[in-house]
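Given next are the chains, with one letter for each unit.
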Amino acid sequence: MISSYLSDGQVKIGLSSLGAMLGILLGSFLTVKIANEDSYKIFKSFVFALPFMYSIGKIGCTCMGCCKGFKYNGFMSVYYHGEISNINDYPVFPVQLFEVIIFAIIFIVCLKNIQQYSSSLVVAICAIFKFILDFFREEHFSGKLITNNQFVCIIIVKENTTKSKIGTYIKMRMSHM
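Residues numbered from 1 in each chain as written. Predicted model: local features only at pLDDT ≥ 70, side-chain atom pairs only at ≥ 80, totals over all residues. Heavy atoms only, no water.

Asks: Where do I start with the overall build of the protein chain in this structure?
Replies: Across its full length, the protein chain carries 6 helices and 4 strands. Put simply, 52% of the contacts in the protein chain that link residues at least 6 apart link residues at least 24 apart. Surface accessibility of the protein chain: about 11,000 Å² in total, with carbon and sulfur atoms responsible for 67%. (Helix = DSSP H or I, 4+ residues; strand = E, 2+ residues; numbered from the N terminus. Contact = heavy atoms within 4.5 Å. Areas by Shrake-Rupley, 256 points an atom, 1.4 Å probe, with all protein chains shown as cover.)

Asks: Please explain the pattern of salt bridges as it appears in this structure.
Replies: Should the charged atoms of two oppositely charged side chains come close, the side chains can pair. Tallying each qualifying case throughout the model produces 5 salt bridges. When the shortest N-O distance is used, the salt bridge between Lys158 and Glu159 registers 3.8 Å. One network of salt bridges, in which partners are shared, links Lys58, Glu99, Asp134 and Arg137. (Salt bridge = Lys/Arg side-chain N within 4 Å of Asp/Glu carboxyl O.)

Asks: What am I meant to see in the packing of aromatic side chains here?
Replies: Working definition: an aromatic ring pair is given by the centre-to-centre distance plus the angle between the planes. If you walk through the whole model with that rule in mind, you get 9 aromatic pairs. When the ring of Phe70 is compared with that of Phe93, the centres are 5.2 Å apart and the planes differ by 5°; the resulting orientation is stacked. Here Phe70 is found in the loop between helix 2 (39–64) and strand 3 (78–79), whereas its partner Phe93 is found in the loop between strand 4 (91–92) and helix 3 (95–112), with 23 residues between them in sequence. Since its relative accessible area comes to 15%, Phe70 is described here as buried. By relative accessible area, which is 14% here, Phe93 ends up buried. Ring geometry for Phe93 versus Phe136: centroids 5.3 Å apart, planes at 25°, classification stacked. Of this pair, Phe93 sits in the loop between strand 4 and helix 3 while Phe136 sits in the loop between helix 4 (119–133) and helix 5 (148–161), and the two are 43 residues apart along the sequence. By the ring-pair criterion, three or more aromatic residues cluster together here, those being Phe70, Tyr72, Phe93, Phe98 and Phe136. Sitting over the face of the ring of Tyr90, Lys71 holds its NZ or CZ atom 4.7 Å from the ring centroid. (Phe/Tyr/Trp six-rings, centres within 6.5 Å; stacked < 30°, edge-to-face > 60°. Buried < 20%, exposed > 50% of the residue type's maximum accessible area, 1.4 Å probe, protein only. Lys NZ or Arg CZ within 6 Å of the ring centre and 35° of its normal.)

Asks: Is there a simple way to think about helix 3 in this case?
Replies: For helix 3, spanning 18 residues, the distance from its first C-alpha to its last is 26 Å, which sits close to the expected 26 Å at 1.5 Å a residue. For helix 3, the full list of buried residues reads Val95, Gln96, Glu99, Val100, Phe103, Ile106, Phe107 and Cys110. The buried residues of helix 3 occupy an angular sector of 145° when projected down its axis, which confines them to one face. Where helix 3 is buried, its residues contact helix 2 and helix 4. (Expected span 1.5 Å × (residues − 1). Arc of directions from axis to C-beta.)

Asks: When you look at the side chain of Glu99 in this model, what are you seeing that I'm missing?
Replies: Inspection of the secondary structure assignment puts Glu99 in helix 3. A polar contact is formed between the side chain of Glu99 and the side chain of Arg137, at a distance of 2.5 Å. Ignoring any residue separated from it by four or fewer positions in sequence, one finds Glu99 in contact with Tyr54, Ser55, Lys58, Ala104, Lys130, Leu133 and Arg137. (Polar contact = N/O pair within 3.5 Å; in protein donor to acceptor, adjacent residues only side chain to side chain.)

Written out as structure tokens, the structure is:
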């Protein structure tokens, strides 16, 4: 879960894809502790499943109308209506649908290259595409330069592409489990 501040000063708390990713990573650590098996192999299997699980989750977002794109009345625009969609009856860019497709492709490509790709690379690829796709959300058209999600994505990419202290610590702990 992640919270964000609305323009009227209220705090909105809801589900977040970044929260789901943290849950997956926590689940992998717990699985390693419980199963007492090869920690890196278990962790890698969880990480490689990440884009697939995210893709499936975005099908729900597509159906519900949450995580919506910007107002858009062009090719493939999606029109949500009714109180369940939380949209005021206007067409939007189908960013969730693009996320379904792109993250399914990322999953397939990563799975085909499982021997060559590291867990860090998969996480960085997912964060880069999440960062890019976030520009197509309505939130960017309210004057924000980058969103909270994008800020976290920058940190994730940095941690997974550099010899950071946090990344080194996690890798060291995983090798001793």
